[in-house]
Amino acid sequence: MPDQYLSHSQRIVVKLGSNIITAKNSLDLDVIESISDQISTLMDRGLEVILVSSGAQAAGLRKMGMKDRPTEMPKRQAIAAVGQIGLMKAYENSFEQKGKKVGQILLTAEDLNNRKRYLNARNTLNTLIEWKVVPIINENDTVMMEEIKLGDNDNLAAMITLLMDADFLFILTDIEGLYDKDPRQFPEAGLISRVTSFSKEVEDYAGHIPGTLGTGGMLSKIKAAKKVTSAGIPMIVAKGNIKNALLRIFEGESLGTYFVPKTKKLASRKCWIAHTLAPKGSLVIDDGAVRAVRENGKSLLPIGVVKVEGEFEQGAPVAFKTANNEIIGIGLVNYRSSDVDLIKGLKTFQIEACLGSKHYDEIIHRNNMVLKDLF
Ligand code: GLU
């Protein structure tokens, strides 16, 4: 059970879905009140809590008296702009009653992809936490285009969990957890209380449980769970609009679905490489190099590289794979693609003669690489 992780948790991320914080015609202030209450209690016990809250679009729709989410992007973005402000007002009022201040952070995929912005976001969040201010995060919907959206807040919450080195992720939604069927349609559906691996069966269960209001549904929760558990962090999906769900979990009650972490916790930098960056190209490596990086934890040297695919700059995230296209991992390259092409197959002492200078021995240093089994 998650108890050992709960008792060792110092920093947690709590994600709230649109469907639990919005009522028929407005925000559900009772739920917001109850969640702020629970978060304040946990903070007073010494925990650091980061909140990721959806609901801007749902709240905006209600405020504008619209029934359905508009399909056009600019309208959806305008709706989010209207709703976000009310959402934050509700949180601010509610936390104020418990003597807590809140800070708003709106993020985009670009912010998380760019190392400098990523570190800035992290520093800001750490400062808010130090000040005992509750950071409340949402995607910056107003500036996003569909194709570069983070997608859904389950994903955002997973990224924040990795970014902030949190110890536990809680996703609070409007159903009890992962079921083997959609419980809204099938009364006999059974709750799965523990997931240790992501079999096809688990994905199939999730695929049949769409979200009601937000964008995610159960499938995006499974994707989030994959990200965090593969980085060694546990996650629980539970129903958030029941009394004291979070506190009850901390008191040892078994609520929702518990996703068991796979490994020991990964360093945040490696999480960023594995989960945030999209590879800009790939390197085909030989069997010796596969063994060296996979079994012996070595860096990738020019001698092991057989072929370069795509164009990339120094520092770019690049995948490395076998000749049969089996991805072995991803890492940040020390040389741009045209240089890797020139030095591939060479011994390290030959790099300088080939390029005129040698800044690194490795194409990808082991500190800057993550192997596939970890993501
Ligand atoms: N950013 C969206 C909103 O606040 C939510 C996306 C989601 O529900 O996952 O409405």
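What counts and how
Residues numbered from 1 in each chain as written. Predicted model: local features only at pLDDT ≥ 70, side-chain atom pairs only at ≥ 80, totals over all residues. Heavy atoms only, no water. Helix = DSSP H or I, 4+ residues; strand = E, 2+ residues; numbered from the N terminus. Rg over C-alpha atoms; globule rule 2.2 N^0.38 Å. Buried < 20%, exposed > 50% of the residue type's maximum accessible area, 1.4 Å probe, protein only. Polar contact = N/O pair within 3.5 Å; in protein donor to acceptor, adjacent residues only side chain to side chain. Pairing = 2+ DSSP bridges. Axes fitted to C-alpha atoms, helices over the stretch in contact; angles between N-to-C directions. Salt bridge = Lys/Arg side-chain N within 4 Å of Asp/Glu carboxyl O. Contact = heavy atoms within 4.5 Å. Parallel < 35°, antiparallel > 145°, perpendicular 65-115°, else oblique. Left-handed = near helix turned anticlockwise from the far one by under 90°. Nonpolar A, V, L, I, M, F, W, Y, C, P; charged D, E, K, R; others polar. Near = heavy atom within 4 Å. Areas by Shrake-Rupley, 256 points an atom, 1.4 Å probe, with all protein chains shown as cover. pLDDT = per-residue confidence, 0-100. Phe/Tyr/Trp six-rings, centres within 6.5 Å; stacked < 30°, edge-to-face > 60°. Lys NZ or Arg CZ within 6 Å of the ring centre and 35° of its normal.

Draft legend 1. Inspection of the overall build of the protein at higher detail. When helices and strands are tallied, the protein shows 15 helices and 13 strands. Its C-alpha radius of gyration of 22 Å places the protein within 12% of the 21 Å reference for a compact globule of 375 residues. Based on the C-alpha atoms only, the size of the protein along its principal axes is roughly 70 × 40 × 40 Å. The proportion of buried residues among the 375 residues of the protein is 53%.

Draft legend 2. Quick look at the side chain of Q77. Mapped onto the elements, Q77 comes out in helix α5 (residues 73–96). Within the structure, the side chain of Q77 is placed 3.5 Å from the backbone oxygen of T142, a separation counted as a polar contact.

Draft legend 3. Seen up close, the sheet that holds strand β9 (residues 282–285). Spatial ordering of the open sheet is given by β10-β9-β11-β12-β13, a layout of 5 strands whose pairing is mixed. Each edge of the open sheet carries a strand with a single partner, namely β10 (305–309) and β13 (369–371). Strand-to-strand twist across the sheet, computed as the mean angle between neighbouring axes with direction ignored, equals 25°. Here β9 pairs with β10 via 4 bridges, running antiparallel.

Draft legend 4. Region of the structure containing the pattern of salt bridges. With the rule as written, the count across this model stands at 20 salt bridges. Measuring nitrogen to oxygen at the nearest pair gives 2.5 Å for the salt bridge that ties R117 to D111. Assessed through its relative accessible area of 40%, R117 is described here as partly exposed. For D182, the salt bridge is made with R184, and the minimal N-O distance between the two is 3.0 Å.

Draft legend 5. Spotlight on helix α4 (residues 56–63). With respect to burial, α4 is a largely interior element, 7 of its 8 residues being buried. All of the buried residues along α4 are A56, Q57, A58, A59, G60, L61 and R62. Here the buried face of α4 lies against α2 (18–21), α5 and β4 (134–139). Remark: G65 follows α4 within two positions and exhibits a positive phi of approximately 70°.

Draft legend 6. Structural detail: the sheet that holds strand β7 (residues 235–239). With mixed pairing, the 8 strands of this open sheet are ordered in space as β3-β4-β2-β1-β5-β7-β8-β6. Of all the strands in the sheet, the pair left with one neighbour each is β3 (102–107) and β6 (194–195). One ladder, built from 5 bridges, connects strand β5 (residues 168–173) with β7; its direction is parallel. When the sheet's bridge partners are listed, T173 is paired in β7 with K239. The sheet strands contacting α5 are β1 (11–16), β2 (48–53), β3 and β4, and the helix crosses β3 at an angle near 155°.

Draft legend 7. How the structure looks around the packing of helix α3 (residues 29–44) against α5. Two numbers describe how α3 lies on α5: the axes approach to 9 Å, and their chain directions differ by 50°. As far as their axial angle goes, α5 and α3 are oblique. In terms of crossing hand, the pair formed by α3 and α5 is right-handed. Residues L29, I32, E33, S36, I39 and S40 of α3 form the contact with α5, whose participating residues are A90, Y91, S94 and F95. Each residue belonging to the contact of α3 with α5 can be placed in one class, and the counts come to 6 nonpolar, 3 polar and 1 charged.

Draft legend 8. Region of interest: the site of the ligand. As a matter of local geometry, the ligand sits amid 11 residues, with A56, Q57, N138, D141 and N153 nearest to it. Contacts to the ligand include S54, whose side-chain N or O atom sits 3.4 Å from an oxygen atom. In the environment of the ligand, an oxygen atom lies 2.9 Å from a nitrogen or oxygen atom belonging to the backbone of Q57. Computed on the free molecule, the ligand has an accessible area of 300 Å², of which 97% lies beneath the protein chains in the complex. A per-class count over the shell around the ligand returns 1 nonpolar, 8 polar and 2 charged.

Draft legend 9. Just the confidence of the model for the protein, in detail. Averaged over the protein, the pLDDT score is 90; the fraction of residues at 70 or greater is 97%. Looking across the protein, the model is least confident in helix α12 (residues 268–275), with a mean pLDDT of 79, and most confident in β9, with 98.

Draft legend 10. Here's a closer look at the packing of aromatic side chains. What the rule picks out here adds up to 6 aromatic pairs. Plain terms: the ring middles of Y118 and W272 are 5.4 Å apart, the flat faces sit at 45° to each other, and that makes the pair tilted. Note that Y118 is positioned in helix α7 (residues 115–130) and W272 in helix α12, a separation of 154 residues in sequence. Here the aromatic cluster, defined as three or more aromatic residues joined through ring pairs, consists of F168, F170 and F250. Sitting over the ring of F186, K181 keeps its end group 5.9 Å from the ring centre.

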